[in-house]
Amino acid sequence: MSDRKIGYIGLGNMGGGMASHLVASGYDVMVYDVRAEAVQELVDKGATAASSPREVAEQCDVIVSSLPTPQSVENAATGENGIVQGLSAGKVYIDMSSIDPDTTRRVGEAVRAKGAEMLDVPVGMGPAQAATGTLTLMIGGDASVVEDCKDVLDTLGDQQFYCGELGLGVTTKIVNNLVSCSVATLLGEAVTMGVAAGLNPERLQEVMDNTAASTLHGRTGLTAKVFERNFEPGFKLALSHKDLGLAAQLAASLGAANMVGSAAYQVQTLAMGKGLGNEDQYSAIKVAEETAGVEVKGDES
Ligand code: NAD
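These figures come from a predicted structure and were not determined experimentally.

## Section: the overall build of the chain
Alright, step 1. Looking only at helices and strands, the chain features 15 helices and nine strands.
Alright, step 2. Taking 19 Å as the expected radius of gyration for a compact globule of 301 residues, we find that the chain reaches 20 Å, a close match to that expectation.
Alright, step 3. Expressed as lengths along the three principal axes of its C-alpha atoms, the size of the chain is roughly 65 × 45 × 35 Å.
Alright, step 4. When burial is assessed residue by residue, the chain has 52% of its 301 residues classed as buried.
Alright, step 5. Counting every atom, the chain has about 13,300 Å² of accessible surface; 53% of that belongs to carbon and sulfur.
Alright, step 6. The positive charge centre, built from 21 side chains, and the negative charge centre, built from 38, are 2 Å apart in the chain.

Here it is as structure tokens:
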């Protein structure tokens, strides 16, 4: 661990866990979030509070963010009292949000204009891995900057993949989540069909776990969320919907096919319309359940 001071902006399900883990690992950490209660939680764990992203950038050597949308990254990075205003030569900004590559590259230009450097390092896995430094990191940016930030990256992720220049980390994440979010949505639809046909969903999951239909979504989301009827968010539906939207946008910009992903996006749009955005992404199953007139739950529920 180096003695560089770390700033963390965006203390939600992912950022809150990562910032806590940095504090627990011995780093001097300064934090900021628009939610005062999220900041207080980190201060209680030993972080110091900043009053703006600009103050974080002024006070810290490495500034990290985990924010919900491209717009929130632009606000925090290039907006009034944003990160860029507080940057100077030698500092590094690492954005870990799942956003689009155009926004990343635009922010990267503003960062470089201040003599600082930027990496895009979106992550795979969830809040449990964020809190224990066991995330999967998809890294974009200059290889020498990656090397310079090795201590911080090693603290946050035990699986690291260098994807190429700035913007290719988030591009990798979009493609990854096109698969992940579509599979989670399909799984909800399929298990609902099984229950409507009279199958026991837990037995069905056991079977699928021993065939090519086996997925992490089945082993975690289906069993821990759907069967328990617990839709407290690890990964909010609104964020999954945002990611499928980013995939649609990327496909359109390339003239690439996005047919299965579009169908999953539409299912999630219906779920968003039902006001489920702040529930876990697996709550999209409620669209299929309402259509079929059944509810999927485990024997214990
Ligand atoms: P979240 O909604 O739980 O947290 C986002 C945090 O950002 C909130 O605390 C919010 O108050 C804060 N925020 C919003 N705008 C801000 C601003 N302008 N300045 C400062 N703070 C601001 O979201 P999350 O689940 O932690 O996800 C964060 C990012 O990581 C997203 O891009 C998401 O897609 C991605 N991601 C999430 C997961 C997951 O399992 N939750 C997994 C991988 C990647």
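Let us keep going from here.
## Section: unusual backbone geometry
Alright, step 1. In this structure, Met-125 takes a positive phi of about 85° despite not being glycine.
Alright, step 2. Positionally, Met-125 belongs in the loop between β7 (123-124) and α7 (127-130).
Alright, step 3. What makes Met-125 partly exposed here is its relative accessible area of 44%.
Alright, step 4. The phi torsion at Arg-229 lies on the positive side, around 50°, for a residue other than glycine.
Alright, step 5. By the secondary structure assignment, Arg-229 is in the loop between α12 (216-226) and α13 (237-254).
Alright, step 6. Assessed through its relative accessible area of 22%, Arg-229 is described here as partly exposed.

## Observations concerning the pairing of strand β6 (residues 117-120)
On any regular strand, side chains alternate: one points to one face of the sheet, the next to the other face.
Alright, step 1. Relative to β6, strand β5 (residues 92-95) runs parallel, the two being bridged by four bridges. Looking at β6, one finds that Asp-95 is bridged to Asp-120.
Alright, step 2. Assessed by its sense of winding, the connection that carries the chain from β5 through helix α6 (residues 101-113) to β6 is right-handed.

## Some words on the packing of helix α4 (residues 70-78) against α6
Alright, step 1. Across the interface, α4 lies against α6 with an axial gap of 10 Å and an inter-helix angle of 5°. What the angle tells us is that α4 and α6 run roughly parallel. Taking contact as the criterion, the partners of Pro-70, Glu-74, Ala-77 and Thr-78 in α4 are, on α6, Thr-103, Arg-106, Val-107 and Ala-110.
Alright, step 2. Its residues assigned to classes, the contact of α4 with α6 shows four nonpolar, two polar and two charged.

## Some details on the site of the ligand
Alright, step 1. Of all residues adjacent to the ligand, which total 26 residues, the nearest are Asp-33, Leu-67, Gly-234, Lys-236 and Lys-242.
Alright, step 2. Gly-234 places a polar main-chain atom, nitrogen or oxygen, 2.7 Å from a nitrogen atom of the ligand.
Alright, step 3. In the environment of the ligand, an oxygen atom lies 2.7 Å from a nitrogen or oxygen atom belonging to the side chain of Lys-236.
Alright, step 4. Here the shell around the ligand is built from residues that sort into 12 nonpolar, nine polar and five charged.

## Focus: the pattern of salt bridges
Alright, step 1. A complete count under the given rule lists 15 salt bridges for this structure.
Alright, step 2. A salt bridge links Glu-58 to Arg-54; the nearest nitrogen and oxygen atoms lie 3.0 Å apart. Of the two residues, Glu-58 and Arg-54 both sit in helix α3 (residues 53-59), four residues apart, roughly one turn of that helix.
Alright, step 3. Residue classification places Glu-58 among the partly exposed residues on the basis of a relative accessible area of 41%.
Alright, step 4. The shortest N-O distance in the salt bridge between Lys-242 and Asp-243 comes to 2.9 Å. For the pair Lys-242 and Asp-243, one class covers both residues: buried.
Alright, step 5. Via salt bridges that share partners, Arg-229, Glu-289, Glu-295 and Lys-297 belong to a single interconnected network.

## Thoughts on the nonpolar core
Alright, step 1. Counting residues in hydrophobic clusters, the biggest one holds 33 residues, and the most contacted among them are Tyr-8, Val-29, Val-31, Ile-94 and Met-96.
Alright, step 2. With four residues, the top contributor of residues to this core is helix α1 (residues 15-24).
Alright, step 3. Those residues in contact with Val-31 that lie beyond four places of it in its chain are Tyr-8, Leu-11, Ala-19, Val-39, Leu-42, Ala-47, Thr-48, Ala-49, Ala-50 and Val-56.
Alright, step 4. Counting residues in hydrophobic clusters, the runner-up holds 23 residues, among them Val-56, Ala-57, Ala-76 and Met-118.

## Overview of the side chain of Lys-225
Alright, step 1. Residue position: Lys-225 is located in helix α12.
Alright, step 2. Residue contacts for Lys-225: discarding those within four places in its chain leaves Thr-220, Asn-230, Phe-231, Glu-232, Gly-234, Asp-280 and Tyr-282.

## A word on helix α10 (residues 168-196)
Alright, step 1. Between its first and last C-alpha, α10 extends 42 Å over 29 residues, near the 42 Å set by a 1.5 Å rise per residue.
Alright, step 2. At Asn-177, α10 shows its maximal kink, close to 25°.
Alright, step 3. Phi turns positive one or two residues past the end of α10, at Gly-198, with a value near 100°.

Cut-offs used in this document
- All residue numbers here refer to positions counted from 1 along the written sequence of the relevant chain.
- Under the rules for a predicted model, residues below a pLDDT of 70 receive no local features and side-chain atom pairs below 80 are neither given nor counted, while totals for whole chains, interfaces and linings still include all residues.
- Remark: hydrogens and water are excluded; side-chain values derive from all non-hydrogen atoms of the structure.
- For helices the rule is a DSSP run of H or I covering at least 4 residues; for strands it is a run of E covering at least 2, with both sets numbered from the N terminus onward.
- The globule rule is 2.2 Å times the number of residues to the power 0.38, and the radius of gyration it is compared with is taken over C-alpha atoms.
- Only protein chains enter the calculation, and the probe is 1.4 Å; a residue is then buried if its accessible area is under 20% of its type maximum, exposed if over 50%, and partly exposed in between.
- Each accessible area is a Shrake-Rupley estimate made with a 1.4 Å probe; only the visible protein chains count as cover when residues are assessed.
- We score Asp and Glu as negative and Lys and Arg as positive, and we do not count His or the chain ends.
- Where a charge lies is defined by one atom per residue type: Lys uses NZ, Arg uses CZ, Asp uses CG and Glu uses CD.
- If DSSP finds at least two bridges between two strands, the strands pair.
- The handedness of a crossover follows from its direction of travel: if, with the strands pointing away from the viewer, the path from the first strand over the helix to the second runs clockwise, the crossover is right-handed.
- Axis lines are fitted to C-alpha atoms, over the contacting stretch for helices. Their N-to-C directions set the angle, which ranges from 0 to 180 degrees.
- Put simply, angles under 35 degrees are roughly parallel, angles over 145 are roughly antiparallel, angles from 65 to 115 are roughly perpendicular, and the rest are oblique.
- Contact between two residues is taken to exist if any of their heavy atoms lie within 4.5 Å; hydrogens are not considered.
- For this classification, Asp, Glu, Lys and Arg are treated as charged, while Ala, Val, Leu, Ile, Met, Phe, Trp, Tyr, Cys and Pro are nonpolar and the rest, including Gly, are polar.
- Whether a residue is near a molecule or strand depends on its heavy atoms: if one lies within 4 Å, it is near.
- Polar contact is defined as a pair of N or O atoms within 3.5 Å, subject to the rule that within protein one atom must be able to donate a hydrogen and the other to accept it, and that residues adjacent in sequence are counted only when both atoms are side-chain atoms.
- A pair is scored as a salt bridge if a Lys or Arg side-chain nitrogen falls within 4 Å of a carboxyl oxygen belonging to Asp or Glu.
- The criterion is simple. A nonpolar core is a set of buried Ala, Val, Leu, Ile, Met, Phe, Trp, Tyr and Cys residues joined through side-chain atoms within 4.5 Å.
- To estimate the expected span of a helix, count its residues, drop one, and scale the result by 1.5 Å.
- Given a residue, its bend is the angle between the two axes fitted to the seven residues that end at it and to the seven that start from it.

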